[in-house]
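# Structural description and commentary
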Amino acid sequence: KQEVTQIPAALSVPEGENLVLNCSFTDSAIYNLQWFRQDPGKGLTSLLLIQSSQREQTSGRLNASLDKSSGRSTLYIAASQPGDSATYLCAVRDTGFQKLVFGTGTRLLVSP
Amino acid sequence: GAVVSQHPSWVICKSGTSVKIECRSLDFQATTMFWYRQFPKQSLMLMATSNEGSKATYEQGVEKDKFLINHASLTLSTLTVTSAHPEDSSFYICSARDGGGGVETQYFGPGTRLLVL
C-alpha cells in the first residue's frame, strides 16, 4: 500500500526566503507525482505535475524535482511571499488503478 | 480552465438526518468522479470512485450504505451521508476526471464542510 509522507509538517519563514518542502513515498511504481496548494477551508489548486519519466518541472518561482528510485520529491519555492502561505500537498498516482494518494501536507506561513 | 463546483459549500445538520452533496463539472464531461474526506489538519483520504452509469467503488473501511454515491450523468455526482453522526463531520471534496483529457486531467471542487450536531 502506497504511503506518502511530507516533511516538515509545518514551516514558518520570513518573507524573501527560499525554502524546500519534502515528500517521500514508499512504492516507486508511480505514474506521476503532483504538488497541490490548499488554502484554509478551500479545495485544491494544482501547482506542478511530474511524469514518472521526468526529473523536474518548473513554474515561475516553483520548482519540483522527482527521484523515483529513492521515492522522493522536493518542492522548491524561491523568494517566498506572504501570499504563498497555505498547505502544500503532494500526491502520487499509482500505475495500477490510477488513484491519487495524498501526503500529510506541509503548512507554510510566510510572514511579512 | 475546467471548473468543478460543489453545493452546498457548508451544511449544519442534526444527528440522524441525511445530507446530500452535489458535485458538478461545469464545462467538461466527467467520466469518473472521486469523493475525498479531509479531517482537520489531516490529508485527503479517498472514499470512493464512481464512473458514470455504474456503481461506485468504495475504499476499504468506507461504508457504502452510509455514504451513497450516485453518478447518473456525465456532469453530476452526488454523495449522500445517511443518518449522519457527529463523527461524520468533515470536509468533503469531490474531484472529476475529464473524459477527453489524459488520466492526469483531474480537477477538484472547492469542498463542502459538514458539521453534524
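See above for the structure.
In this text the structure is predicted, and so the values were computed from the model without any measurement.

### Focus on the overall build of chain B
- Scanning chain B from N- to C-terminus turns up 0 helices and 11 strands.
- Listing the helices and strands of chain B from first to last along the sequence gives β-β-β-β-β-β-β-β-β-β-β.
- Over its C-alpha trace chain B gives a radius of gyration of 13 Å, about what one expects of a compact globule, namely 13 Å for 117 residues.
- Principal-axis analysis of the C-alpha atoms gives chain B an extent of 40 × 25 × 20 Å.
- Split by element, the accessible area of chain B, about 5,700 Å² in all, is 53% carbon and sulfur.

### Observations concerning the overall build of chain A
- Helix and strand counts for chain A stand at 0 helices and 11 strands.
- In sequence order, chain A lays out its α and β elements as β-β-β-β-β-β-β-β-β-β-β.
- Projected onto its principal axes, the C-alpha coordinates of chain A cover approximately 45 × 30 × 20 Å.
- Taken over 112 residues, chain A has a buried fraction of 44%.
- In chain A, the proportion of contacts linking residues at least 24 apart, taken out of those at least 6 apart, comes to 54%.
- Within chain A, one finds 10 positive and 9 negative side-chain charges whose respective centroids are separated by 6 Å.

### Quick notes on a nonpolar patch on the surface
Residues and elements named next belong to chain B.
- On the surface, a cluster of nonpolar side chains totalling about 460 Å² of accessible area is made up of Trp10, Ile12, Leu115 and Leu117.
- With respect to the helices and strands, Ile12 occurs in strand β2 (residues 10-13).
- By relative accessible area, Ile12 is classed as partly exposed at 47%.

### Considering the sheet that holds strand β3 (residues 19-25) of chain B
Residues and elements named next belong to chain B.
- The 4 strands are arranged β1-β3-β8-β7 in an open sheet whose pairing can be described as antiparallel. Taken across any chain shown, the strands that pair with only one partner, and hence form the sheet edges, are β1 (4-7) and β7 (67-73). Ignoring strand direction, the axes of neighbouring strands in this sheet form an average angle of 15 degrees.
- Bridge analysis of β1 against β3 gives 4 bridges, and the strand direction is antiparallel. In the strand pairing of β3, Val4 is matched with Ser25.

### Thoughts on the pairing of strand β11 (residues 106-111) of chain A
Residue and element names in this part refer to chain A.
- Only one face of β11 is buried, namely the one carrying Thr106, Leu108 and Val110, since none of Arg107, Leu109 and Ser111 on the opposite face is buried.
- In terms of strand pairing, strand β2 (residues 10-14) meets β11 through 5 bridges, oriented parallel. Opposite Val13, over in β11, you have Val110 as the bridge partner.
- Two elements, strand β9 (residues 86-94) and β11, share 3 bridges in a ladder whose sense is antiparallel. Directly across from Ala86, in β11, lies its bridge partner Leu108.

### Focus on the sheet that holds strand β7 (residues 62-67) of chain A
Residues and elements named next belong to chain A.
- Judged by pairing direction, the sheet is antiparallel, and its 5 strands sit side by side in the order β1-β3-β8-β7-β6 without closing on themselves. Where the open sheet ends on each side, the last strands, each with one partner, are β1 (4-7) and β6 (56-59). Sheet twist, expressed as the average angle between the axes of neighbouring strands with direction ignored, equals 15 degrees.
- Summarising the sheet, strand β3 (residues 19-25) and strand β8 (residues 72-77) pair through 6 bridges and their orientation is antiparallel. Each residue of the ladder has a partner; that of Asn22, found in β8, is Thr74.

Conventions and cut-offs
Residues numbered from 1 in each chain as written. Chains lettered and ligands numbered in written order. Predicted model: local features only at pLDDT ≥ 70, side-chain atom pairs only at ≥ 80, totals over all residues. Heavy atoms only, no water. Helix = DSSP H or I, 4+ residues; strand = E, 2+ residues; numbered from the N terminus. Rg over C-alpha atoms; globule rule 2.2 N^0.38 Å. Areas by Shrake-Rupley, 256 points an atom, 1.4 Å probe, with all protein chains shown as cover. Buried < 20%, exposed > 50% of the residue type's maximum accessible area, 1.4 Å probe, protein only. Contact = heavy atoms within 4.5 Å. Lys, Arg positive; Asp, Glu negative; His and termini not counted. Charge placed at Lys NZ, Arg CZ, Asp CG, Glu CD. Patch = residues over 30% accessible without salt bridge, like charges linked within 9 Å, V, L, I, M, F, W, Y side chains within 5 Å. Salt bridge = Lys/Arg side-chain N within 4 Å of Asp/Glu carboxyl O. Pairing = 2+ DSSP bridges. Axes fitted to C-alpha atoms, helices over the stretch in contact; angles between N-to-C directions.

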